[in-house]
Amino acid sequence: MKVVLRPQRAICALVVIALLALFPSTIPSAQAPTQTLAQLGGASYAVAALGTTIYAGVGPNLVLLSASGSDLTPVGSTSLTEIVQGLAVEGGYAYVAAGTQGLRIISLADPAAPSEVSAIATPGSAMAVAVATGYAYVADAAGGIRVIDVSDPASPVETDSLSTPGEAVGITIAGSYAYTAEDWGGLRVLSLVDPAHPTTVGSYTGAYQVLGVAVAGQYAYVATGAEGLQVLSLSDPTHPALLDSVETPGFATAVAVSSHDGANGATHAYVAAQGGGLRVISVSNPTALEEVGSCPTPGQATDLVIHDSQVYVADGAGGIHAINVSDPSQPTLTNSYSILSDAWDVASNGGFIFVACGVLGVQSLSYEAGQLTVVDTLDTPGSAVSIALSDSYAYVADREGGLRIISVADPANLIPSGHISETVTANAVAVQNGYAYVAAAEAGLWIVSVRDPADPSTLTTVNTPGCAMNVAVAGEYAYVADGDGGLRVISIADPYAAHEIGEHFETPGNASSIALMGEYAYLADGAEGMHVINISNPAKPEIEGTQPLPGVSLDIHVLNSYAYVAAQAAGLHLVSVEMPESPALRRSMPIPGLPTSLDIHELHHPIFVASRDAGLVVVNMEPGYRSYLPVILKKI
């Protein structure tokens, strides 16, 4: 028998194809849309000040804050597509170093609604920017220094670039010179006599790292990481010379100096020292530096700017802080601004969203008409990294703070209910039938009775060989993602006598998260992607299928026949698991920051993504559809 397509039938087939293309079937397609619906918050790595307005990077946003009153009050903001790493304000525009998204130029004509007017890509990762005489000089990490003509901010044009021995991470301009911080490459001095084409005239390599620099008079004040602060003489800019240095607790990444008088230099240097907070150094005698004051911050002090008697600190996950330094020996934190500055985990229920926010504790939010709004915040003593909802309570894995139980009956009034702390690190939590199962790092699985949420009590701990990162519970079994210990199966038929069962089951990567559906477990395995594991016999789990994925797979949720995987810098992945033996990547979606966790309940509904320093991101990621294309055949 021979099968042919006759001309008349071919025409009919084409008509049918054209018609059916308008009507989708249920076969997934890689061409379906993805969309970011909303984003809120994020960490702060950059800050600038002009008048009474503070300009801050908050995740992938430029936020304008009024500092005229007692609080830091939001005035306006604009969203970008990448984390703000550095910024400068000049001539009614904000120039934003936006990492892999290059330089973004924002009009500040309407402070309540700043708007992007242009952007220019850079080959590296834009980390800092300084602006003078119509040119923006971008410290572009491995991309060196990029020189961009911004005389027309709407049409920036690169005029030159300079390669750097290290990675360009900071830059400041003083007079006719630019001073660049080049990490292990040291400090470099550029002449701006021809601003379109700067030239190297001097350098300094006397520090292991140079991460930030400020200049006052004939002195350069250099943040040198673990080595603290160094002061260099610039009496001859072509040969910067070390005068003195002082170690600072923490890790010095940026420096700002107080007012100065000509060549006499500054009186005090203020150093952002990450975990060391704000350090105040007397530099009145540049050859005899002395720390005279300090102020701890809850996050990682990364950048700062001084304005009048206030130092404004970009504190990473800690947000933005205003610190009064009218008495430099007693700096005092006066107010702060932070929203979802370190989003680790997310859970939603009844129209409200609850986010574990690291050092800031737990925040509740509403999501209506495409807008995220913070409803309440509750601090926790540790670092909130995981959250599970059960009845009217949130169960929070608070790292060194143990297990915290919070009443969320009124999301606008989060109330501590109970807590329990052991000598363990609480990484994640799942709740079933009045018991909380806590993935407790090297301690294994920690089982807590929460039948009375106000008075939780430890039942037992089941040791695991790796580092318990996450846990999922179904029926009489708890499944632990145990880091390099792979997947461990714990019998919890009697929670008081819980014990590991079955064969050892190590995975090739770092088991980070697990989702359960039917007779399968779906495991996020770090750099090794995801595995579909048959657990029909819990005592003998077997890998049925594997899908390598870009990035580091940290969290996984399964809905219908799809797995959604949060993979840090690689964003969000959608994997078809319709055939467990052959999982297939359907599409990936870039997400700003480092997606570590997600929450989804129904297809065609928003996905909430906890994206660490990019805050909370709400996206739409449809499985998509592909049309059937029938061909009508004629037998002859």
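Residues numbered from 1 in each chain as written. Predicted model: local features only at pLDDT ≥ 70, side-chain atom pairs only at ≥ 80, totals over all residues. Heavy atoms only, no water.

Peer 1: Even after reading the chapter, I still don't get the overall build of the protein chain, so can you show me in this structure?
Peer 2: A tally of regular secondary structure across the protein chain gives one helix and 58 strands. The dimensions of the protein chain, computed from C-alpha atoms along their principal axes, are 90 × 75 × 45 Å. Counting only residues that meet the buried cut, the protein chain has 57% of its 636 residues in that class. For the protein chain, the proportion of contacts with a sequence separation of at least 24, taken over those separated by at least 6, is 45%. Accessible surface, the protein chain as shown: approximately 24,800 Å² in total, 50% of it carbon and sulfur. (Helix = DSSP H or I, 4+ residues; strand = E, 2+ residues; numbered from the N terminus. Buried < 20%, exposed > 50% of the residue type's maximum accessible area, 1.4 Å probe, protein only. Contact = heavy atoms within 4.5 Å. Areas by Shrake-Rupley, 256 points an atom, 1.4 Å probe, with all protein chains shown as cover.)

Peer 1: Which parts of the structure should I look at to understand the pattern of salt bridges?
Peer 2: Between side chains of opposite charge, pairing is possible as soon as their charged atoms come close. Under the counting rule described, the total for this entry stands at six salt bridges. The salt bridge partner of Glu500 is Arg488, with a shortest N-O separation of 2.8 Å. With a gap of 12 residues between them, Glu500 in strand E46 (residues 499-505) and Arg488 in strand E45 (residues 487-491) connect regions that are remote in the sequence. Residue classification places Arg488 among the buried residues on the basis of a relative accessible area of 1%. (Salt bridge = Lys/Arg side-chain N within 4 Å of Asp/Glu carboxyl O.)

Peer 1: Just checking my understanding: could you explain unusual backbone geometry for this structure?
Peer 2: What is expected of a backbone is that most residues other than glycine have negative phi and most peptide bonds are trans. A positive phi angle is found at Ala369, which is not glycine, with a value near 50°. As for its placement among the helices and strands, Ala369 is situated in the loop between strand E33 (362-368) and strand E34 (371-378). By relative accessible area, which is 82% here, Ala369 ends up exposed. Even without glycine at this site, Gln568 takes up a positive phi of about 50°. Considering the arrangement of structural elements, one finds Gln568 in the loop between strand E52 (562-566) and strand E53 (572-576).

Peer 1: I'm lost on the environment of His268 in this one. Help?
Peer 2: If you trace the backbone, His268 turns up in strand E24 (residues 268-272). Taking C-alpha positions, His268 is 49 Å from Leu389, a pair spaced 121 residues apart along the chain. What His268 contacts, discounting residues up to four positions off in sequence, is Ala256, Val257, Ser258, Val280, Ile281, Ser282, Val283, Val292 and Pro328. A distance of 3.2 Å separates the side chain of His268 from the side chain of Thr267, its partner in a polar contact. (Polar contact = N/O pair within 3.5 Å; in protein donor to acceptor, adjacent residues only side chain to side chain.)

Peer 1: Would you mind going over the sheet that holds strand E10 (residues 115-120) with me for this structure?
Peer 2: Through backbone hydrogen bonds, the strands of a sheet pair up, either in parallel or in antiparallel fashion. In space, the four strands of this open sheet follow the order E7-E8-E9-E10, with antiparallel pairing throughout. The open sheet has two edge strands, strand E7 (86-90) and E10, and neither has a second partner. This sheet shows a mean twist of 20° between the axes of neighbouring strands, independent of strand direction. Bridging between strand E9 (residues 103-107) and E10 involves five bridges; their strand directions are antiparallel. (Pairing = 2+ DSSP bridges. Axes fitted to C-alpha atoms, helices over the stretch in contact; angles between N-to-C directions.)

Peer 1: I'm lost on the packing of aromatic side chains in this one. Help?
Peer 2: Each aromatic ring pair is specified by the distance between its two centres and by the angle formed by the two planes. All chains considered together, the criterion is met by five aromatic pairs. Residues Tyr177 and Tyr179 carry aromatic rings whose centres are separated by 6.3 Å and whose planes lie at 45° to one another, so their mutual orientation is tilted. With relative accessibility at 24%, the residue Tyr177 sits in the partly exposed group. Residue Tyr179 is classed as buried on the basis of its relative accessible area of 3%. (Phe/Tyr/Trp six-rings, centres within 6.5 Å; stacked < 30°, edge-to-face > 60°.)

Peer 1: I'm lost on empty space enclosed by the protein in this one. Help?
Peer 2: Applying the stated rule across the entire model yields one cavity of 30 Å³ or more. Within this model, the largest cavity holds a volume of roughly 40 Å³. Along its surface, the largest cavity is lined by Tyr564, Ile600, Glu602, Leu603, His604, His605, Ile607, Asn620, Met621, Glu622 and Pro623. Tallied by class, residues from the lining of the largest cavity come to six nonpolar, three polar and two charged. (1 Å grid on protein atoms, 1.4 Å probe; cavity = no way out; pocket = protein on both sides within 12 Å on 5 of 7 lines; lining within 4 Å. Points joined across faces, edges and corners; volume = space filled by probe spheres on them. Nonpolar A, V, L, I, M, F, W, Y, C, P; charged D, E, K, R; others polar.)

Peer 1: Explain the nonpolar core here, please?
Peer 2: Soluble, globular proteins show a tendency: their nonpolar side chains are buried together. Residues Leu72, Leu340, Ile353, Val355, Leu372 and Leu616 are the most contacted members of the largest nonpolar core, which totals 29 residues. Mapped onto this core, the elements with two or more residues apiece are strand E2 (34-40), strand E4 (53-58), strand E5 (61-66), strand E28 (310-314), strand E29 (320-324), strand E32 (352-356), strand E56 (607-610) and strand E57 (616-621). Per element, the largest residue contribution to this core is three residues, and it comes from E4. Those residues in contact with Leu616 that lie beyond four places of it in its chain are Ala38, Gln39, Leu40, Leu340, Ala343, Val346, Ile353, Val355, Leu372, Phe608, Val609 and Ala610. (Core = buried A, V, L, I, M, F, W, Y, C linked by side-chain atoms within 4.5 Å.)

Peer 1: Help me understand the layout of surface pockets, please; the structure alone is not making it clear to me.
Peer 2: Empty space among the atoms becomes visible once a probe the size of a water molecule is rolled across them. In this structure, the largest pocket encloses a volume near 1,300 Å³. Taken together, 40 residues form the lining of the largest pocket, with Val47, Leu87, Ile171, Asp303 and Leu304 sitting closest to its centre. In this structure, the second largest pocket occupies an estimated 1,100 Å³ of space. Lining the second largest pocket are 41 residues, and of these Asp345, Asn470, Val471, Asp555 and His557 lie nearest its centre. Sorting the residues of the lining of the second largest pocket by element identifies strand E31 (345-349), strand E35 (386-390), strand E39 (428-432), strand E43 (470-474), strand E47 (513-517), strand E51 (555-559) and strand E55 (597-599) as the ones contributing at least two each.

Peer 1: Would you take a moment to explain the environment of Val565 for this structure?
Peer 2: Tracing the backbone through its elements, the reader meets Val565 in strand E52. The buried category is assigned to Val565, whose relative accessible area is 0%. As for Val565 and Ser163, which are separated by 402 residues in sequence, their C-alpha atoms are 38 Å apart. Among residues more than four places away in sequence, those in contact with Val565 are Met530, Leu549, Ser553, Asp555, Ile556, Gly571, Leu572, His573 and Leu598.

Peer 1: Whenever I open this one, the confidence of the model for the protein chain confuses me. Can you help?
Peer 2: A low pLDDT score tells you not to read the predicted coordinates there in detail. A residue-level look at the protein chain finds 92% of positions with pLDDT of 70 or above and a mean pLDDT of 91. Note that residues 1-32 has pLDDT below 50 and, in this model, 50 contacts with residues that lie over four places away or in other chains. Considering only residues more than four positions removed or in separate chains, one finds that residues 626-636, a stretch of pLDDT under 50, has 28 contacts. (pLDDT = per-residue confidence, 0-100.)

Peer 1: Please explain the sheet that holds strand E23 (residues 254-257) as it appears in this structure.
Peer 2: In spatial order, the strands read E23-E24-E25-E26; together these four strands make up an open sheet with antiparallel pairing. At either margin of the open sheet sits one strand with a lone partner, and together these are E23 and strand E26 (290-295). Neighbour-to-neighbour, the strand axes of the sheet open up by a mean angle of 25°, direction not taken into account. Bridge count between E24 and strand E25 (residues 278-282): five bridges; the pairing is antiparallel. Bridged to Val271 within E25 is Arg279.

Peer 1: How should the side chain of Gln547 be read in this particular structure?
Peer 2: Residue placement: Gln547 occurs in strand E50 (residues 542-547). Classification of Gln547 by relative accessible area gives buried; the value is 14%. Looking at Gln547, its side chain comes within polar contact range of the main-chain nitrogen of Leu585, at 3.4 Å. Apart from residues no more than four positions distant in its own chain, Gln547 is found in contact with Glu528, Gly529, Met530, Val575, Pro583, Ala584 and Leu585.

Peer 1: Any chance you could explain the environment of Thr205 here in plain terms?
Peer 2: When you line up the elements, Thr205 lands in the loop between strand E18 (199-204) and strand E19 (212-216). On the basis of relative accessibility, which here comes to 63%, the residue Thr205 falls in the exposed class. Distance from Thr205 to Leu445, taken between C-alpha atoms, is 50 Å for residues 240 residues apart in sequence.

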